[in-house]
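Residue-level structure breakdown
Take a look at the letters that make up each chain.
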Amino acid sequence: MVNRILVGAHYGLKDWIIQRATAIIMAVYTVIFLVVIAAVGPDSFDAWRGIFANGFMKFATFLFFVSVFYHAWIGIRDIWMDYIKPDALRLLMMIATAAVLVGYAGWAVQILWRM
Amino acid sequence: MAEMAIKKKRPKNLDLPTIRLPLPGILSILHRVSGAAIFLLLPVLLWLLQSSLASPEAFAGVKGIIGHPLARIVLFGLIWFYMHHFCAGIRYLLLDVDKGVGLEAARRSSKIVFAVSIALTLIIGAKVLW
(Lines give C-alpha, C1' and ligand atoms only; values in the text may rest on other atoms or scores of the structure.)
Protein backbone atom coordinates (compact mmCIF):
# COMPACT_ATOMS: atom_id res chain seq x y z
CA MET A 1 0.00 0.00 0.00
CA VAL A 2 1.33 3.35 -0.99
CA ASN A 3 0.91 5.85 1.77
CA ARG A 4 1.80 9.18 0.31
CA ILE A 5 1.42 12.27 2.43
CA LEU A 6 0.45 15.28 0.33
CA VAL A 7 1.66 17.92 2.73
CA GLY A 8 5.08 19.08 3.77
CA ALA A 9 6.82 18.84 0.40
CA HIS A 10 6.96 21.65 -2.13
CA TYR A 11 3.57 20.98 -3.75
CA GLY A 12 2.41 24.28 -5.19
CA LEU A 13 5.51 26.23 -4.23
CA LYS A 14 6.45 26.81 -7.88
CA ASP A 15 3.03 28.26 -8.70
CA TRP A 16 3.12 30.37 -5.53
CA ILE A 17 6.44 31.90 -6.59
CA ILE A 18 5.39 32.41 -10.23
CA GLN A 19 2.16 34.11 -9.15
CA ARG A 20 4.24 36.62 -7.14
CA ALA A 21 7.01 37.03 -9.72
CA THR A 22 4.47 37.78 -12.47
CA ALA A 23 2.68 40.16 -10.08
CA ILE A 24 5.87 42.17 -9.59
CA ILE A 25 6.53 42.28 -13.35
CA MET A 26 2.97 43.52 -13.99
CA ALA A 27 3.18 46.09 -11.18
CA VAL A 28 6.46 47.51 -12.55
CA TYR A 29 5.06 47.58 -16.10
CA THR A 30 1.91 49.35 -14.88
CA VAL A 31 4.02 52.15 -13.42
CA ILE A 32 6.19 52.40 -16.56
CA PHE A 33 3.10 52.42 -18.80
CA LEU A 34 1.36 55.15 -16.78
CA VAL A 35 4.51 57.30 -16.81
CA VAL A 36 4.88 56.85 -20.59
CA ILE A 37 1.20 57.67 -21.17
CA ALA A 38 1.48 60.76 -18.98
CA ALA A 39 4.65 61.88 -20.80
CA VAL A 40 3.48 61.18 -24.37
CA GLY A 41 -0.21 62.03 -24.00
CA PRO A 42 -1.14 59.80 -26.96
CA ASP A 43 -4.22 61.45 -28.41
CA SER A 44 -3.21 60.75 -32.02
CA PHE A 45 -2.80 57.42 -33.79
CA ASP A 46 0.89 58.07 -34.56
CA ALA A 47 1.75 58.92 -30.95
CA TRP A 48 -0.13 55.85 -29.65
CA ARG A 49 1.47 53.55 -32.22
CA GLY A 50 4.86 55.10 -31.52
CA ILE A 51 4.73 53.89 -27.92
CA PHE A 52 4.53 50.25 -29.00
CA ALA A 53 6.88 50.68 -31.94
CA ASN A 54 9.64 51.43 -29.45
CA GLY A 55 11.76 48.30 -28.94
CA PHE A 56 11.84 48.43 -25.16
CA MET A 57 8.08 49.02 -24.82
CA LYS A 58 7.38 46.20 -27.27
CA PHE A 59 9.50 43.82 -25.20
CA ALA A 60 8.09 45.11 -21.87
CA THR A 61 4.51 44.93 -23.15
CA PHE A 62 5.01 41.36 -24.34
CA LEU A 63 6.54 40.40 -20.99
CA PHE A 64 3.55 42.05 -19.30
CA PHE A 65 1.09 40.05 -21.40
CA VAL A 66 2.85 36.75 -20.73
CA SER A 67 2.80 37.62 -17.01
CA VAL A 68 -0.92 38.46 -17.16
CA PHE A 69 -1.72 35.14 -18.84
CA TYR A 70 0.37 32.98 -16.49
CA HIS A 71 -0.90 34.91 -13.44
CA ALA A 72 -4.47 34.51 -14.70
CA TRP A 73 -3.93 30.77 -15.18
CA ILE A 74 -2.98 30.32 -11.51
CA GLY A 75 -5.73 32.62 -10.22
CA ILE A 76 -8.56 31.24 -12.36
CA ARG A 77 -7.44 27.65 -11.72
CA ASP A 78 -7.68 28.39 -7.98
CA ILE A 79 -11.22 29.70 -8.48
CA TRP A 80 -12.25 26.48 -10.29
CA MET A 81 -10.57 24.39 -7.56
CA ASP A 82 -12.54 26.27 -4.88
CA TYR A 83 -16.00 26.30 -6.43
CA ILE A 84 -16.34 23.58 -9.08
CA LYS A 85 -16.83 20.27 -7.28
CA PRO A 86 -17.51 17.72 -10.07
CA ASP A 87 -14.08 16.48 -11.21
CA ALA A 88 -14.89 16.23 -14.92
CA LEU A 89 -16.37 19.72 -15.10
CA ARG A 90 -13.46 21.20 -13.12
CA LEU A 91 -10.94 19.56 -15.45
CA LEU A 92 -12.87 20.84 -18.45
CA MET A 93 -12.88 24.41 -17.06
CA MET A 94 -9.13 24.21 -16.41
CA ILE A 95 -8.39 22.95 -19.90
CA ALA A 96 -10.60 25.63 -21.45
CA THR A 97 -8.89 28.31 -19.34
CA ALA A 98 -5.40 27.14 -20.30
CA ALA A 99 -6.45 26.89 -23.96
CA VAL A 100 -7.80 30.45 -24.21
CA LEU A 101 -4.77 31.85 -22.38
CA VAL A 102 -2.33 30.15 -24.76
CA GLY A 103 -4.42 31.52 -27.61
CA TYR A 104 -4.28 35.03 -26.13
CA ALA A 105 -0.47 34.77 -25.93
CA GLY A 106 -0.31 34.05 -29.66
CA TRP A 107 -2.74 36.89 -30.32
CA ALA A 108 -0.60 39.29 -28.24
CA VAL A 109 2.48 38.39 -30.32
CA GLN A 110 0.53 39.07 -33.49
CA ILE A 111 -0.75 42.44 -32.19
CA LEU A 112 2.70 43.64 -31.15
CA TRP A 113 4.78 42.41 -34.09
CA ARG A 114 2.35 42.87 -36.96
CA MET A 115 1.19 46.38 -36.13
CA MET B 1 -7.46 8.84 17.27
CA ALA B 2 -6.61 11.38 14.64
CA GLU B 3 -9.54 10.25 12.49
CA MET B 4 -11.90 10.61 15.42
CA ALA B 5 -10.83 14.22 15.87
CA ILE B 6 -11.43 15.01 12.20
CA LYS B 7 -14.87 13.36 12.15
CA LYS B 8 -16.07 15.27 15.19
CA LYS B 9 -18.91 17.60 14.31
CA ARG B 10 -17.71 21.16 14.19
CA PRO B 11 -19.90 24.25 14.07
CA LYS B 12 -20.24 25.61 10.59
CA ASN B 13 -21.67 28.95 9.52
CA LEU B 14 -21.66 29.48 5.79
CA ASP B 15 -24.91 31.39 5.67
CA LEU B 16 -23.45 34.20 3.60
CA PRO B 17 -25.99 36.98 4.36
CA THR B 18 -25.36 36.56 8.12
CA ILE B 19 -21.57 36.83 7.85
CA ARG B 20 -20.41 40.39 8.40
CA LEU B 21 -17.13 40.59 6.51
CA PRO B 22 -14.49 42.91 7.97
CA LEU B 23 -12.75 45.31 5.58
CA PRO B 24 -9.74 43.01 4.91
CA GLY B 25 -12.29 40.31 4.01
CA ILE B 26 -14.10 42.61 1.58
CA LEU B 27 -10.71 43.51 0.10
CA SER B 28 -9.93 39.81 -0.29
CA ILE B 29 -13.14 38.81 -2.10
CA LEU B 30 -12.88 41.91 -4.31
CA HIS B 31 -9.35 40.82 -5.19
CA ARG B 32 -10.80 37.57 -6.49
CA VAL B 33 -13.83 39.16 -8.19
CA SER B 34 -11.68 41.84 -9.87
CA GLY B 35 -9.18 39.23 -11.10
CA ALA B 36 -11.98 37.11 -12.56
CA ALA B 37 -13.57 40.15 -14.23
CA ILE B 38 -10.28 41.22 -15.80
CA PHE B 39 -9.79 37.65 -17.06
CA LEU B 40 -13.26 37.67 -18.65
CA LEU B 41 -12.61 41.03 -20.33
CA LEU B 42 -9.18 40.03 -21.71
CA PRO B 43 -10.46 39.28 -25.24
CA VAL B 44 -12.23 42.66 -25.39
CA LEU B 45 -9.09 44.47 -24.21
CA LEU B 46 -6.86 42.62 -26.70
CA TRP B 47 -9.31 43.43 -29.47
CA LEU B 48 -9.35 47.12 -28.48
CA LEU B 49 -5.51 47.20 -28.44
CA GLN B 50 -5.33 45.46 -31.81
CA SER B 51 -7.83 47.85 -33.41
CA SER B 52 -6.20 50.92 -31.89
CA LEU B 53 -2.85 49.94 -33.44
CA ALA B 54 -4.18 48.79 -36.81
CA SER B 55 -4.90 52.04 -38.69
CA PRO B 56 -5.81 55.68 -38.04
CA GLU B 57 -9.44 54.86 -38.96
CA ALA B 58 -9.59 51.93 -36.54
CA PHE B 59 -7.92 54.10 -33.87
CA ALA B 60 -10.67 56.68 -34.32
CA GLY B 61 -13.20 53.85 -34.11
CA VAL B 62 -11.77 52.70 -30.77
CA LYS B 63 -11.90 56.30 -29.51
CA GLY B 64 -15.55 56.39 -30.51
CA ILE B 65 -16.29 53.14 -28.63
CA ILE B 66 -14.47 54.38 -25.52
CA GLY B 67 -16.43 57.64 -25.73
CA HIS B 68 -19.77 55.85 -25.51
CA PRO B 69 -21.37 56.44 -22.07
CA LEU B 70 -21.98 52.73 -21.49
CA ALA B 71 -18.40 51.80 -22.44
CA ARG B 72 -17.15 54.56 -20.14
CA ILE B 73 -19.00 53.07 -17.19
CA VAL B 74 -17.59 49.59 -17.93
CA LEU B 75 -14.06 50.96 -18.43
CA PHE B 76 -14.30 53.03 -15.28
CA GLY B 77 -15.27 49.91 -13.35
CA LEU B 78 -12.45 48.01 -15.04
CA ILE B 79 -9.89 50.67 -14.08
CA TRP B 80 -11.12 50.45 -10.47
CA PHE B 81 -10.90 46.62 -10.55
CA TYR B 82 -7.37 46.85 -11.97
CA MET B 83 -6.26 49.41 -9.40
CA HIS B 84 -7.86 47.44 -6.57
CA HIS B 85 -6.16 44.22 -7.73
CA PHE B 86 -2.88 46.16 -8.06
CA CYS B 87 -3.01 47.80 -4.60
CA ALA B 88 -4.40 44.76 -2.79
CA GLY B 89 -1.76 42.65 -4.54
CA ILE B 90 1.03 44.88 -3.22
CA ARG B 91 -0.52 44.52 0.26
CA TYR B 92 -0.44 40.72 -0.12
CA LEU B 93 3.20 40.82 -1.24
CA LEU B 94 4.02 42.80 1.92
CA LEU B 95 2.05 40.31 4.04
CA ASP B 96 4.12 37.54 2.40
CA VAL B 97 7.28 39.10 3.81
CA ASP B 98 5.62 39.51 7.23
CA LYS B 99 4.93 43.23 6.93
CA GLY B 100 1.67 44.32 8.57
CA VAL B 101 0.39 40.91 9.69
CA GLY B 102 -1.01 42.21 13.01
CA LEU B 103 -4.78 42.74 13.25
CA GLU B 104 -4.60 46.51 13.59
CA ALA B 105 -1.96 46.89 10.85
CA ALA B 106 -3.96 44.62 8.51
CA ARG B 107 -7.11 46.67 9.07
CA ARG B 108 -5.25 49.92 8.51
CA SER B 109 -3.52 48.68 5.34
CA SER B 110 -6.84 47.52 3.87
CA LYS B 111 -8.23 51.02 4.43
CA ILE B 112 -5.16 52.43 2.63
CA VAL B 113 -5.72 50.02 -0.28
CA PHE B 114 -9.31 51.20 -0.74
CA ALA B 115 -8.35 54.88 -0.44
CA VAL B 116 -5.37 54.68 -2.82
CA SER B 117 -7.06 52.47 -5.42
CA ILE B 118 -10.17 54.68 -5.54
CA ALA B 119 -8.02 57.83 -5.78
CA LEU B 120 -5.94 56.33 -8.61
CA THR B 121 -9.13 55.24 -10.38
CA LEU B 122 -10.55 58.77 -10.24
CA ILE B 123 -7.29 60.34 -11.50
CA ILE B 124 -6.69 57.82 -14.30
CA GLY B 125 -10.37 57.62 -15.19
CA ALA B 126 -10.59 61.39 -15.48
CA LYS B 127 -7.43 61.51 -17.63
CA VAL B 128 -8.26 58.63 -19.96
CA LEU B 129 -12.03 58.77 -20.24
CA TRP B 130 -12.78 62.49 -20.19
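Residues numbered from 1 in each chain as written. Chains lettered and ligands numbered in written order. Predicted model: local features only at pLDDT ≥ 70, side-chain atom pairs only at ≥ 80, totals over all residues. Heavy atoms only, no water.

Okay, the overall build of chain A next. Secondary structure assignment for chain A yields four helices and zero strands. Helices and strands appear in chain A in the N-to-C order α-α-α-α. A principal-axis box enclosing the C-alpha atoms of chain A has dimensions of 65 × 25 × 20 Å. Buried positions account for 34% of the 115 residues belonging to chain A. Pairs at least 24 residues apart make up 65% of the contacts formed inside chain A by residues separated by at least 6 positions. (Helix = DSSP H or I, 4+ residues; strand = E, 2+ residues; numbered from the N terminus. Buried < 20%, exposed > 50% of the residue type's maximum accessible area, 1.4 Å probe, protein only. Contact = heavy atoms within 4.5 Å.)

All right, on to the packing of aromatic side chains then. Within the structure shown, the criterion is met by 11 aromatic pairs over all chains. Ring geometry for A:Phe45 and B:Phe59: centres 5.8 Å apart, planes at 65 degrees, overall edge-to-face. Placement of the pair is A:Phe45 in helix α2 (residues 45-53) and B:Phe59 in helix α3 (residues 56-67), with the two residues belonging to separate chains. Among the residues examined, A:Phe45 registers a relative accessible area of 11% and is labelled buried. Overall, B:Phe59 belongs to the buried group, its relative accessible area being 10%. On the numbers, 5.5 Å between centres and 80 degrees between planes, the contact of A:Phe62 with A:Trp113 is edge-to-face. Highlighted residues: A:Phe62 in helix α3 (residues 55-83) and A:Trp113 in helix α4 (residues 87-113), separated in sequence by 51 residues. For A:Phe62, a relative accessible area of 27% puts it in the partly exposed group. (Phe/Tyr/Trp six-rings, centres within 6.5 Å; stacked < 30°, edge-to-face > 60°.)

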